[in-house]
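# Overview (structure and organization)
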Amino acid sequence: MLHNYRLGKPRATHTRGPAPCVRRNHRAYWVSLTLERDTCSHLVKSPDNEALLAGSRTSHASCDAPNAIGNAAWWPIVKRIGTAMALLHATPGLQAADAPVPIEVFAQLPMVSGAELSPDGRFFAYFRPVEGRRHLVVQPIQSTDRPFVLPPLEELEFSWLRWVSEERIVFSMAYSGRRGTTETTETRLLSMRYDATDLVPLIKPGRRDSTALRQGSAFLPPPQIQDNVIDWLPGEANFILVSVDEDANAQDEVRKVDVRTGDHEIVRGETRGIQNWVTDQDHSIRIGYGYDPINGFKMTIRTLDGRWTNVDDEDWWANGLRPAAFSADPSVLYVMGPGEHGLRTVSRISVDTGNVIESVFTHDTVDAAGMAYDPVSGRPVGVNYVDDFPRTRYFDDEFQVLQRSLDRALPDTVNRIESMSKDRQRILVQSYSDVVPGSYLLWDREAGRMDFIAETMPGLSAENLSTVESHWITAADGVRFEAFLTLPADRDSGSLPAVVLPHGGPKSRDDREFWFLSQFLASRGYAVLQPNFRGSTGYGYAFQAAGRQQWGGLMQEDVSAATRWLVSEGIADPERVCIVGWSYGGYAAAMGAIQAPELYRCAVSINGVLNLPRLIADDQKYIGGSEWTEHVGLDEARASEVSPYHQAERIEDPMLVIQAEDDTRVHADQGRNFSKRLERLDKNIEYVEVEFGGHTMSNEAARLIILSRIETFLERHLAR
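In this report, the structure presented in the accompanying data block is examined.

### Some remarks on the pairing of strand E15 (residues 276–279)
- Across 4 bridges, E15 lies against strand E16 (residues 285–292) in antiparallel orientation. Paired with Val278 across the strands is Ile287, a residue of E16.
- Hairpin geometry of E15 and E16 is characterised by an intervening segment of 5 residues between the two adjacent antiparallel strands and by a positive phi of about 65° at His283.

Following this line, the structure appears as structure tokens:
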């Protein structure tokens, strides 16, 4: 039976229940800790208290078409924004000791996210959900003054924020749009005063040349991607460098933008095939890279004598090394590339000669994931990587001392330096683990104390969450891969109903970090297994490359091997296993029902890739899409042979398909048409369409729909 459930779009002006209020006594949220030698002894909580390649730019000539936030439509939205509103500090109510955590608690957005200290350390800016959507909040740290709050603008959602001076914050917002017949993700860049006044759009529409004026408008449509900030210019508090494709020709210029007015000057003009620019630590433009439809991916570097050199001709590029960041010496470049054991490492090389100067980061089992930067100066200070958790290894002496102090003080969590004041005396820290969704703390080095600020997910704690274990599984051909197992905290002896939860991407990976979906399923009594199948990132070049053109092949076989392991270990009841996935994981869930029906009783796809030929055709509309789609499919097989839509007659398991209407990554007609085809074939299909949520289902209402529908579906099909 085909069911279509639609979720209306929430508005910032719509209220439900009592009006938000402010808790005036901030002492209830702060707990003082004693620190000695940059360490603290313990943490006390106050009792009150996620890819497939998005291809997000379009290169179509149809970009002149109007869109929802274009030209004149953009400015009235800015003018309508209120300057302040109250902030709701209440946390979800406590449940009875023997009752499961309410579904609303798991569906909540983080109560604090994207947090950053002001340069003077007086304010704490962050995102907080109000009525299910994120609002930008600026909170005085040592004052009982009311916070300043900026609600989301119409249908735009906040993406990130950054202090650029003691007075101003720059922030990005995104929404699902359309240019001609091509669906897009649009971003908008704005700034405001710390008190949520003086809101300024930073990327103004460009003017058409005189030959185009007869088309009826003197202005070009606004650029699609506006938040590609390439340098925060820490020495010039009111200016930033932004890479912008003004005329939608897939060639970006670099603007120096005044964050107080949006006025700009062009410091680097357009270059064919370049959509991104990189500066060195002297804030000089040194690297350009992007995708050219004729020549493919390209990168060019400027040497110190001013020459631009195509790196395709350089030996270090041919050996697989890729630029990561410039060092303090502008002639020295940090690069990432294959190391001795096939894992991604970080080294320093000479820009002029290409010779390796020294190795900076190697790991025995996992790849380097990217550079870590000093939050004040922007200089590289370490390397990020993921083993069982996301972590940072610092090569900078100051940050090594800071990290050791944090880890001694908070030994049971992973502790990440988020930001710091300009004088480096106040440091914002986030701590998390598998059973700690996240806590923010403020470390005052001068005072020798650390204060608890907020939990990210109130109502969830180690007492009602489940530990996550790492296991290594051997596939049929002998290849070993890692999987993460979450068991119900109150597990009884004997086999359990289980959910196999392959990740999206497929160039992605899972780890032990808290995830609302896996923990929710465990809280409802299910064993949850998240396999990092071949094609996952983080385990070396060969492991990732093994997933190329293995949709429905080795990647799917690894998921099946993980399911068999779960049963063979006596963890899962073989008659009560369901496969659930999001994005690529939704594809794997549908293919599991097609290729291995003996393993699963049911399948759930959330924004899943269900029509492979359609995905390939859609992705080729975007910059770099043709290159990306060469990874999709199965060897020499036709895409339809490993496409759930085209193989739908083979599905016998009950399926639940959840699809966001405004998903610009996997278009809504994928889920819609797949479900209609299953209904025509008289299959057991339930379809849920969410109008507002995007590919990541980024609001609370959408996540509540997901969790409630999955809970009911699993109860129906995995009950004894």
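### Some details on the side chain of Arg302
- The topology assignment puts Arg302 in strand E17 (residues 296–302).
- No salt bridge is formed by the buried Arg302, whose closest oppositely charged neighbour, Asp280, lies at an N-O distance of 5.1 Å.
- Setting aside anything within four residues of it in sequence, one finds Arg302 in contact with Ser284, Ile285, Arg286, Arg307 and Trp308.

### A short note on the pattern of salt bridges
- If you walk through the whole model with that rule in mind, you get 47 salt bridges.
- Between Asp558 and Arg534 there is a salt bridge, with its nearest N and O atoms 2.8 Å apart. One end of the pair, Asp558, is in helix H7 (residues 554–568); the other, Arg534, is in the loop between strand E33 (527–531) and helix H6 (541–545), with 24 residues separating them in the sequence. Pair check on accessibility: Asp558 and Arg534 agree, each one buried.
- Taken together, the shared-partner salt bridges in this structure form one network comprising Asp374, Arg379, Asp396, Glu398 and Arg424.

### Considering the sheet that holds strand E13 (residues 253–258)
- The strand order across the open sheet formed by 4 strands is E11-E12-E13-E14, and the pairing between neighbours is antiparallel. In this open sheet, the two strands that pair with only one neighbour each are strand E11 (229–231) and strand E14 (264–268). The average undirected angle you get between the axes of adjacent strands in this sheet is 40°.
- One ladder, built from 2 bridges, connects E11 with strand E12 (residues 239–244); its direction is antiparallel. In the sheet register, Val229 faces E12, and the bridge partner there is Val242.

### As for the state of the cysteines
- Throughout the structure, instances matching the rule amount to 1 disulfide.
- The disulfide partner of Cys578 is Cys602, and the gap between their sulfur atoms is 2.5 Å. The sign of the S-S torsion, about -140°, decides the handedness of the disulfide formed by Cys578 and Cys602: left-handed. Taken together, the positions of Cys578 in strand E34 (residues 572–582) and Cys602 in strand E35 (residues 602–606) put the pair 24 residues apart, joining distant regions of the chain. As far as burial versus exposure is concerned, Cys578 and Cys602 are alike and both buried.

### With respect to the nonpolar core
- The biggest cluster of nonpolar side chains holds 57 residues, and the ones touching the most others in it are Trp551, Leu566 and Met655.
- Here this core takes 8 residues from helix H8 (residues 584–595), the largest share from any one element.
- Listed in part, the 38 residues of the second largest apolar core include Val436, Met457, Ala702 and Ile710.

### Notes on unusual backbone geometry
- Cis geometry marks the peptide bond from Gly505 to Pro506; its omega dihedral reads 0°.
- With respect to the secondary-structure elements, Pro506 resides in the loop between strand E32 (496–500) and helix H5 (516–523).
- Of note, His283 is a non-glycine position whose phi angle comes to about 65°, a positive value.
- Note on placement: His283 falls in the loop between E15 and E16.

### Describing the environment of Asp120
- Within the secondary structure, Asp120 sits in the loop between strand E3 (113–117) and strand E4 (123–130).
- Taking relative accessible area as the criterion, Asp120 reaches 24% and is therefore assigned partly exposed.
- Residues Asp120 and Glu166 lie 46 residues apart in sequence; the distance between their C-alpha atoms is 6.2 Å.
- Side chain to side chain, Asp120 and Ser118 meet in a polar contact 2.6 Å long.

### Remarks on the packing of H5 against helix H12 (residues 700–718)
- Across the interface, H5 lies against H12 with an axial gap of 11 Å and an inter-helix angle of 35°. At the point where H5 passes H12, the crossing takes the right-handed sense. Each of Phe516, Leu517, Phe520 and Leu521 in H5 lies in contact with H12, whose residues at this interface are Arg703, Leu707, Ile710, Glu711 and Leu714.
- Of the residues belonging to the contact of H5 with H12, the class tally is 7 nonpolar, no polar and 2 charged.

### Side note on the sheet that holds strand E31 (residues 480–486)
- A sheet is described by the order of its strands in space; here 8 strands give the open sequence E30-E31-E33-E32-E34-E35-E36-E37, paired in mixed fashion. Only two strands of the sheet have a single partner each, and these edge strands are strand E30 (468–474) and strand E37 (685–690). If you compare each strand with its neighbour and ignore which way they point, the axes differ by 20° on average.
- Pairing analysis gives 3 bridges linking E32 to E33, with the strands arranged parallel. Bridged to Ala498 within E33 is Ala527.
- The sheet strands contacting H8 are E34, E35 and strand E36 (655–660), and the helix crosses E34 at an angle near 140°.

### Some points on the pairing of strand E24 (residues 380–386)
- Judged by how many residues are buried, E24 sits mostly within the fold: 6 of 7 residues are covered.
- Here strand E23 (residues 368–373) runs beside E24; their pairing, made up of 5 bridges, is antiparallel. In the sheet register, Tyr373 faces E24, and the bridge partner there is Pro380.
- Connecting the antiparallel pair E23 and E24 is a turn made up of 6 residues, with Gly378 showing a positive phi of about 85°.

Conventions and cut-offs
Residues numbered from 1 in each chain as written. Predicted model: local features only at pLDDT ≥ 70, side-chain atom pairs only at ≥ 80, totals over all residues. Heavy atoms only, no water. Pairing = 2+ DSSP bridges. Helix = DSSP H or I, 4+ residues; strand = E, 2+ residues; numbered from the N terminus. Buried < 20%, exposed > 50% of the residue type's maximum accessible area, 1.4 Å probe, protein only. Lys, Arg positive; Asp, Glu negative; His and termini not counted. Salt bridge = Lys/Arg side-chain N within 4 Å of Asp/Glu carboxyl O. Contact = heavy atoms within 4.5 Å. Axes fitted to C-alpha atoms, helices over the stretch in contact; angles between N-to-C directions. Disulfide = S-S within 2.5 Å. Core = buried A, V, L, I, M, F, W, Y, C linked by side-chain atoms within 4.5 Å. Polar contact = N/O pair within 3.5 Å; in protein donor to acceptor, adjacent residues only side chain to side chain. Left-handed = near helix turned anticlockwise from the far one by under 90°. Nonpolar A, V, L, I, M, F, W, Y, C, P; charged D, E, K, R; others polar.

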